[in-house]
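Inside the fold
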Amino acid sequence: EVVDHRALMQEALQEAMQSPPKPSNFCVGALLVDLETGEVLSRGYTLEVEGNTHAEQCCLSKLAQAYDLPEERVGEVLPPNTAIYTTMEPCNMRLSGSLPCVDRIIRTRTKDGAAAIKKVYLGVKEPEKFVGENQGRTKLEEHGIECIHVPGLEGEILKVATAGHRK
Ligand SMILES: Nc1nc(=O)c(N)c(NC[C@H](O)[C@H](O)[C@H](O)COP(=O)(O)O)[nH]1
Ligand SMILES: [Zn+2]
């Protein structure tokens with residue numbers, strides 16, 4: 001296989017480490033990857049883009065910005081076999097009420113209307129600290145988007161994710 005999932009998840013963790021720790025969210029890192037070539041198309045971490053932004057959201061909006069497109073049209077510039085690697089599974093509900101990343105991923109479509117992001121590689125499930133159990137993976141699978149757990153980095157990912165939380 002062209003891509004090394006563990007190495008890419010490690011790169012996503014490197015992104016998460018750049019996120020400013022806060023008690024009200026998790027520090028997460030994400031990458032958009034062309035699975036045909038292994039090329040990293042975009043990277044992001046929680047709060048990187050101004051506002052109360054999530055890592056996955058930053059990946060999408062930064063790439064859209066590079067093409068002068070709104071985030072919801074970024075699928076038009078994604079290769080057909082794109083994956084998102086995120087250290088924590090995409091949110092399905094946000095206490096702030098902002099659009100969850102599961103919905104952002106699902107709405108990302110190519111020009112012919114197909115899902116642009118075919119796979120979601122995740123490092124850990126979302127801890128039930130802010131919202132109940134995250135049912136996002138079911139919703140993604142219902143939309144034909146495969147969710148795959150990349151094992152091995154759980155400890156480090158959670159340590160970084162909760163850096164801003166009271167011990
Ligand atoms: N996958 C993921 N990527 C992120 O970048 C991030 N911060 C979270 N965090 C999930 C958590 O459920 C929400 O951070 C809280 O529900 C608070 O919601 P806001 O973030 O303020 O909208 N999850
Ligand atoms: Zn999110």
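This text goes with the structure placed above it.
Below, the structure is looked at part by part. Not measured: the values here are computed from a predicted model.

Once that is clear, we can look at the nonpolar core. Here is a general trend for soluble globular proteins: nonpolar side chains tend to be buried in one another's company. Core analysis: the biggest nonpolar cluster contains 43 residues, and Met9, Leu32, Tyr85 and Leu140 have the highest contact counts within it. Of all the secondary structure elements, the ones that give two or more residues to this core are helix H1 (5-16), strand E1 (29-34), helix H2 (55-66), strand E3 (82-88), helix H3 (101-107), strand E4 (117-124) and helix H5 (154-161). Each residue touching Leu140, except ones within four places of it in the same chain, is listed here: Pro90, Val102, Ile105, Ile106, Val120, Ile145 and Cys147.

Attention now moves to H1. Taking 1.5 Å as the rise per residue, H1 with twelve residues should run 16 Å; its terminal C-alpha atoms sit 16 Å apart, in good agreement. For H1, the complete set of buried residues consists of His5, Leu8, Met9, Ala12, Leu13, Glu15 and Ala16. Each buried residue of H1 lies within a common arc of 155° when the element is viewed along its axis, so the set occupies one face. In this structure, the buried side of H1 is in contact with E1, strand E2 (40-45), E3, E4 and H5.

This next bit is on the pattern of salt bridges. In this structure the tally under the stated criterion is nine salt bridges. One salt bridge connects Glu48 with Lys62, and the closest N-O pair in it is separated by 2.7 Å. With Glu48 in the loop between E2 and H2 and Lys62 in helix H2, this residue pair connects regions lying 14 residues apart in the sequence. Taking relative accessible area as the criterion, Glu48 reaches 29% and is therefore assigned partly exposed. Residue Lys62 is classed as partly exposed on the basis of its relative accessible area, which comes to 28%. One salt-bridge network, held together by shared partners, links Glu71, Glu72, Arg104 and Arg107.

Analysis parameters
- Residues numbered from 1 in each chain as written.
- Chains lettered and ligands numbered in written order.
- Predicted model: local features only at pLDDT ≥ 70, side-chain atom pairs only at ≥ 80, totals over all residues.
- Heavy atoms only, no water.
- Core = buried A, V, L, I, M, F, W, Y, C linked by side-chain atoms within 4.5 Å.
- Buried < 20%, exposed > 50% of the residue type's maximum accessible area, 1.4 Å probe, protein only.
- Helix = DSSP H or I, 4+ residues; strand = E, 2+ residues; numbered from the N terminus.
- Contact = heavy atoms within 4.5 Å.
- Expected span 1.5 Å × (residues − 1).
- Arc of directions from axis to C-beta.
- Salt bridge = Lys/Arg side-chain N within 4 Å of Asp/Glu carboxyl O.

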